[in-house]
Every structure is written in C-alpha cells, then in structure tokens.
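# Coordinate inspection notes
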Amino acid sequence: MFTGIITGVGRIVDATPLGADASHGLRLTLQAPAGYLDDVALGDSIALNGACMTVTTFDAAAGRFTIDISAESLDKTAGLGEPGPVNLEKALRANDRLGGHLVSGHVDGIGQVTHFEPVGESWELRISAPPALARFLAYKGSITVNGVSLTVNRVVDHPEHCEFSINLIPHTIENTTLGTVRAGSRVNLEIDLIARYVERMLGGSLPRH
C-alpha cells in the first residue's frame, strides 16, 4: 500500500530487455536520490510513477536499484519503458502518516494531458481519462496521477472520454515529475480505493483494459 505522497524523484538510467521478443519485459536500473535506499531491503516495494514494483537488486552507496517489469505491465502503464525521470514512493508502514489517500500501486488506466497552464501561483492540469474510469471520478474526490495523490476540482463527461481538472501547487510542481508534463503527455491513473469497493458492492466490476 502507498499514500500518493512522493518521497523522491528518481531516474530510469537503463532499460535492458529480458528476452528477444515483445513477450518479454525489461530490467530497469534506476538512480535514486542520495540516501533514499538507506532503509530499503531486497524485495521491498517501491512505486514508480504509481506502479508498484519489487526491488530485485540495490546498491545503497551508489543510490541505484533494479526492478523487473513484465511486458503486460509495460503495456498497461506509461513512462516506464525508457530512460527518464520517475516519481518514487516506498511502501506504507503501519505507523506512517496517511498524508494523501490509500493507494494500491495498481494502474487502472492511462490518461492524456489536454491542458497544463499556470493559473496565479498554481497550475491547472486537465486530463482526458478512459470512459470506463468516468464513474470513479467525482468533484473533490481523490485520484492518483503518476503516483501523486491529487484532488479532482472538476469533471466533464464527453461521449468518448471524461476530462477532469486538478490544481497543482508549487510544492507539487517542484517535488514531482508533474512539472514536466505537457499537452499530449500520457500519465498513469489509479482510481480511489474506496470507489473501487463501492463499485463492487453495488454489483459492478472494475474496468477492463
């Protein structure tokens, strides 16, 4: 489990194929911030852009670790198949503060940024979400974007998609990778965990990719 409060920005520095064809995944080597891996152990979970991954090797002194990501996970996520910056969050401890909201680290769909512009001291981020996720988005509800816990400010339903808006404060821009997105960027979305269970109790089912 996670909270959507990013604890560091890392970088994928290498992506090595695990096999000769597209059915195989990648071994990713990541550079973490100084000291980030001091309390990490082999097999620990770290979310990369909101996707829960398992640490397969690590070198705390060098600040580097590796994870293996399957072809299926690559197909269902964005921003994890090539070198570049990623949001990092270590798994939640039982005695940690729950600063964001309950996040499972399972990406439910890929959204596309439609608008990203400054508004006063903040930035307005609009994202087009797959229509299957529309029923899980609500005004003042929670959504995870590339692993970041955020509050929905507006939802507009369209025939082919759903667009929602978020306001990003300067702290979020400075301490996550969301400051680098642009119109057209693809982002990982995870719906609110409570909405997931409400849907199930009401007899529905999760959207299928």
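All chains use their own residue numbering, which begins from 1 and follows the written sequence. In keeping with the predicted nature of the model, local features appear solely for residues at pLDDT of at least 70, side-chain atom pairs appear and are counted solely at 80 or more, and the whole-chain, interface and lining totals rest on all residues. Computation of side-chain values covers all heavy atoms of the structure but excludes hydrogens and water.

Attention shifts here to the sheet that holds strand S7 (residues 109-119). Read from one edge of the open sheet, seven strands run S10-S9-S13-S7-S8-S12-S11, paired in antiparallel fashion. Among the strands making up the open sheet, the edge pair consists of strand S10 (148-151) and strand S11 (154-157). The sheet shows a mean angle of 35 degrees between the axes of neighbouring strands, taken without regard to direction. Two strands qualify as a pair provided DSSP detects at least 2 bridges between them. By the criteria applied, helices consist of DSSP H or I runs no shorter than four residues and strands consist of E runs no shorter than two, each listed in order from the N terminus. Of the pairings in the sheet, the one linking strand S9 (residues 142-145) to S10 comprises four bridges and is antiparallel in character. Of the residues in S10, the one forming a bridge with Val-145 is Val-148. A fitted line through C-alpha atoms represents every axis, and for helices the fit uses only the stretch in contact; the resulting angles, taken between N-to-C directions, go from 0 to 180 degrees.

Hairpin remark: S9 followed by S10, antiparallel, with two residues in the connecting loop; positive phi at Asn-146, about 50 degrees. The sheet contact formed by S9 and strand S13 (residues 186-191) spans three bridges and is antiparallel. Looking at S13, one finds that Ile-143 is bridged to Ile-191.

Nonpolar cores were defined as sets of buried Ala, Val, Leu, Ile, Met, Phe, Trp, Tyr and Cys residues, with membership established by side-chain atoms within 4.5 Å. Here the term buried applies to any residue with accessible area under 20% of the maximum for its type, exposed to any over 50%, and partly exposed to those in between, with areas from a 1.4 Å probe on protein chains only. Core analysis: the biggest nonpolar cluster contains 25 residues, and Ile-127, Ile-143, Val-145, Leu-150, Phe-164, Leu-168 and Leu-189 have the highest contact counts within it. The set of elements that each furnish at least two residues to this core consists of S7, strand S8 (122-129), S9, S10, strand S12 (162-168) and S13. With four residues, the top contributor of residues to this core is S12. Residues contacting Phe-164, with those up to four places away along its chain left out, are Leu-125, Arg-126, Ile-127, Ala-129, Leu-137, Ile-143, Val-145, Val-152, Arg-154, Val-155 and Leu-189. Any two residues whose heavy atoms approach within 4.5 Å at even a single point are treated as in contact.

Relative to the helices and strands, Glu-121 resides in the loop between S7 and S8. Residue Glu-121 is classed as exposed on the basis of its relative accessible area, which comes to 62%. Glu-121 sits 48 residues away from Ile-169 along the chain, and the two C-alpha atoms are 7.3 Å apart.

It is worth spelling out the packing of aromatic side chains at this point. In this description, an aromatic ring pair is defined by two values, namely the gap between the centres and the angle between the planes. Pairing of aromatic rings covers Phe, Tyr and Trp, the last through its six-membered ring, and needs centres within 6.5 Å; plane angles under 30 degrees mean stacked, over 60 mean edge-to-face, and all others mean tilted. Within the structure shown, the criterion is met by one aromatic pair. Here Phe-116 and Trp-123 contribute two aromatic rings whose centre-to-centre distance is 4.8 Å and whose plane-to-plane angle is 25 degrees, an arrangement assigned as stacked. For Phe-116, a relative accessible area of 9% translates into the label buried. A cation sits over an aromatic face here: Lys-90 above Tyr-36, 4.3 Å from the ring centre. Geometrically, a lysine NZ or arginine CZ counts as sitting over a ring once it is within 6 Å of the ring centre and also within 35 degrees of the ring normal.

This paragraph deals with helix H3 (residues 193-201). All buried positions along H3 are accounted for by Leu-193, Arg-196 and Glu-199. One side of H3 carries all its buried residues, which in axial view fall inside an arc of 125 degrees. Residues of H3 that are exposed and point over 90 degrees away from its buried face: Ile-194, Tyr-197 and Met-201. As for H3, its buried residues are in contact with S13. Backbone geometry just after H3 places Gly-203 at a positive phi near 95 degrees. The arc under discussion is defined with respect to the helix axis, by the directions toward the C-beta atoms.

Positionally, Asn-146 belongs in the loop between S9 and S10. The contact partners of Asn-146, leaving out residues within four places of it in the chain, are Ile-6, Asn-49, Gly-50, Asn-87, Thr-177, Leu-178, Val-187 and Asn-188.

The buried fraction of strand S6 (residues 84-90) amounts to five of the seven residues, a majority that puts the element mostly inside the structure. Pairing of strand S1 (residues 8-17) with S6 involves five bridges; the strand directions are antiparallel. Each residue of the ladder has a partner; that of Gly-8, found in S6, is Leu-88.

What follows is about the sheet that holds strand S3 (residues 45-48). Note: strands within a sheet are paired through backbone hydrogen bonds, in either parallel or antiparallel orientation. The six strands are arranged S1-S2-S5-S4-S3-S6 in a closed barrel whose pairing can be described as antiparallel. If you compare each strand with its neighbour and ignore which way they point, the axes differ by 45 degrees on average. The pairing of S3 with strand S4 (residues 51-59) spans four bridges and is classified as antiparallel. The residue of S4 that forms the bridge with Ala-47 is Cys-52.

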